[in-house]
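What follows is each chain in one-letter form.
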Amino acid sequence: MRILICEDSVLLREGLVRLLEHSGHAVVGAFADTAGVIDAVAAELPDLCILDVRMPPTFTDEGIRLALELRGTHPQLPVVVLSQYVEERYASDLIAGQGGAFGYLLKDRVADVADFVDALERIAGGATVLDPEVVAQLLTRRSRDAKMARLTARERTVLAALAEGRSNQAIAALLFLSEASVEKHITAIFQKLELEQDEFGDRRVLAAIAHLESAGGAHPADATQLPPQIGHTR
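What you see is a predicted model; the values in this text were computed from it and never measured.

Trainee: Is there a simple way to think about the pattern of salt bridges in this case?
Mentor: Taken as a whole and judged by the stated rule, the model has 8 salt bridges. A salt bridge links Asp-52 to Lys-107; the shortest N-O distance between them is 3.2 Å. Taken as a pair, Asp-52 in strand 3 (residues 48-52) and Lys-107 in the loop between strand 5 (102-106) and helix 5 (113-124) lie far apart in primary sequence, 55 residues in all. Of the residues examined, Asp-52 reaches a relative accessible area of 5% and is grouped as buried. One salt bridge in this structure joins Arg-109 and Asp-108, with 3.8 Å as the shortest N-O distance. Classification of Asp-108 as partly exposed rests on a relative accessible area of 48%. One salt-bridge network, in which partners are shared between bridges, spans Glu-7, Asp-52 and Lys-107.

Put into structure tokens, the structure is as follows:
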């Protein structure tokens, strides 16, 4: 696939270029800031765009604003946001926003090359993938929500795995369950959360998280780094 990168760290940017090209993909642009990215996307029509959250000049939310703009102007373009820490308010904004396939990954995931490239390929193929730590924070923050409180511990685990973009088959293998059991858990989850089922498991869980977030009031302003709470093993 053809990938455009926007990352201010020269070491990570060049590392991503080499990693992706070594994996058989083409990098059609590598930017140190957001200037020119919109024009490059229009000219190159990449299959995937990777953006850092904090970019020059203020190193606050330039990457997020660019991601939201791209999801509005190019709704079919899969966008992957890389972040140093779990930044809940940004994740919530992107999840709730309109657009195509989407990923929110922590930068330390890049070290596991096979897993990282697999996540990018799944996102490019139409999946929505959230880093396990992002999922953990969003679910933990809503742990006292009336609807979320209806879920059993097993259903919460299945919900978290769904939010990582896993298929029913992958969830069954991860949790040592039958696919039939996974399907029953998913049905129960969306009945308890009062959400209609559709054919897209990852879309449903994003809708669930967005729904819970919208019912929860303001987001905290500070980023929080959490220890891994949900495994990322397939």
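Trainee: In this structure, what is going on with the sheet that holds strand 3? I would like to understand it.
Mentor: Strand-to-strand pairing in sheets goes through backbone hydrogen bonds, with the strands running parallel or antiparallel. Pairing in this open sheet of 6 strands is parallel, and the strands run 2-1-3-4-5-6 from one edge to the other. The open sheet has two free edges, formed respectively by strand 2 (26-31) and strand 6 (129-130), since each of these has just one partner strand. Relative to strand 4 (residues 79-83), strand 3 runs parallel, the two sharing 4 bridges. Paired with Ile-50 across the strands is Val-80, a residue of strand 4.

Trainee: What is the right way to look at the packing of helix 7 (residues 153-163) against helix 8 (residues 168-175) in this model?
Mentor: Two quantities define a packed helix pair, namely the angle between the helix axes and the distance between the axes. Contact pair helix 7 / helix 8: the axes reach a minimum separation of 10 Å and the direction vectors enclose 130°. Considering their axes alone, helix 7 and helix 8 lie oblique with respect to each other. Of the two elements, helix 7 crosses helix 8, and the hand of that crossing is right-handed. Here helix 7 contributes Arg-154, Thr-157, Val-158, Ala-161 and Leu-162 to the contact with helix 8, which in turn contributes Ile-171, Leu-174 and Leu-175. Class assignment of the residues belonging to the contact of helix 7 with helix 8 gives a composition of 6 nonpolar, 1 polar and 1 charged.

Trainee: Is there a simple way to think about the pairing of strand 3 in this case?
Mentor: Remark: a regular strand shows side chains that alternate across the two faces of the sheet. Burial runs high along strand 3: 5 of the 5 residues are buried. Side chains Leu-48, Ile-50 and Asp-52 of strand 3 all project onto a buried face; the interleaved residues Cys-49 and Leu-51 project onto the opposite face, where all are buried too. The β-α-β motif built from strand 3, the intervening helix 3 (residues 62-73) and the parallel element strand 4 has right-handed crossover chirality.

Trainee: So what exactly am I meant to see when it comes to the packing of helix 1 (residues 10-22) against helix 5 here?
Mentor: Packing of helix 1 against helix 5 brings their axes to within 11 Å, and their N-to-C directions diverge by 80°. Judged by the angle between their axes, helix 1 and helix 5 are roughly perpendicular. Along the contact surface, helix 1 presents Leu-16, Leu-19 and Leu-20, while helix 5 presents Val-113, Phe-116, Val-117 and Leu-120. Among the residues making up the contact of helix 1 with helix 5, the classes are represented as 7 nonpolar, no polar and no charged.

Trainee: It is not clear to me how helix 8 should be interpreted in this structure. Could you clarify?
Mentor: Since the α-helix turns once every 3.6 residues, residues separated by three or four places project in the same direction. Turning to helix 8, its buried residues are Ala-170, Ile-171, Ala-172 and Leu-175. A positive phi of about 55° marks Phe-176, the residue just after helix 8.

Trainee: Even after reading the chapter, I still don't get the state of the cysteines, so can you show me in this structure?
Mentor: Cysteine pairs can be linked by a disulfide, which is a covalent bond between their two sulfur atoms. Considering all chains together, one arrives at 0 disulfides under this definition. Cys-6 forms no disulfide, and the closest cysteine sulfur to it belongs to Cys-49, at a distance of 7.1 Å. Take Cys-6: its relative accessible area is 1%, and that puts it in the buried class. Since its relative accessible area comes to 0%, Cys-49 is described here as buried.

Trainee: Mind showing me how you'd approach the environment of Glu-14 here?
Mentor: You can see Glu-14 is positioned in helix 1. Looking at Glu-14, the relative accessible area reads 37%, which means it is partly exposed.

Trainee: Is there a simple way to think about the nonpolar core in this case?
Mentor: Soluble, globular proteins show a tendency: their nonpolar side chains are buried together. Counting residues in each nonpolar core, the largest one holds 26 residues, and the members touching the most others are Leu-51, Leu-70, Val-79, Val-81, Leu-94 and Tyr-104. Of all the secondary structure elements, the ones that give two or more residues to this core are strand 1 (2-6), helix 2 (37-44), strand 3, helix 3, strand 4, strand 5, helix 6 (132-141) and helix 7. Ranked by residues supplied to this core, first place goes to helix 3 with 4 residues. Beyond its immediate chain neighbours, meaning those up to four positions away, Leu-51 contacts Cys-6, Gly-63, Leu-66, Ala-67, Leu-70, Val-79, Val-80, Val-81 and Leu-82.

Parameters and conventions
Residues numbered from 1 in each chain as written. Predicted model: local features only at pLDDT ≥ 70, side-chain atom pairs only at ≥ 80, totals over all residues. Heavy atoms only, no water. Salt bridge = Lys/Arg side-chain N within 4 Å of Asp/Glu carboxyl O. Helix = DSSP H or I, 4+ residues; strand = E, 2+ residues; numbered from the N terminus. Buried < 20%, exposed > 50% of the residue type's maximum accessible area, 1.4 Å probe, protein only. Pairing = 2+ DSSP bridges. Axes fitted to C-alpha atoms, helices over the stretch in contact; angles between N-to-C directions. Parallel < 35°, antiparallel > 145°, perpendicular 65-115°, else oblique. Left-handed = near helix turned anticlockwise from the far one by under 90°. Contact = heavy atoms within 4.5 Å. Nonpolar A, V, L, I, M, F, W, Y, C, P; charged D, E, K, R; others polar. Right-handed = clockwise from strand over helix to strand, strands pointing away. Disulfide = S-S within 2.5 Å. Core = buried A, V, L, I, M, F, W, Y, C linked by side-chain atoms within 4.5 Å.

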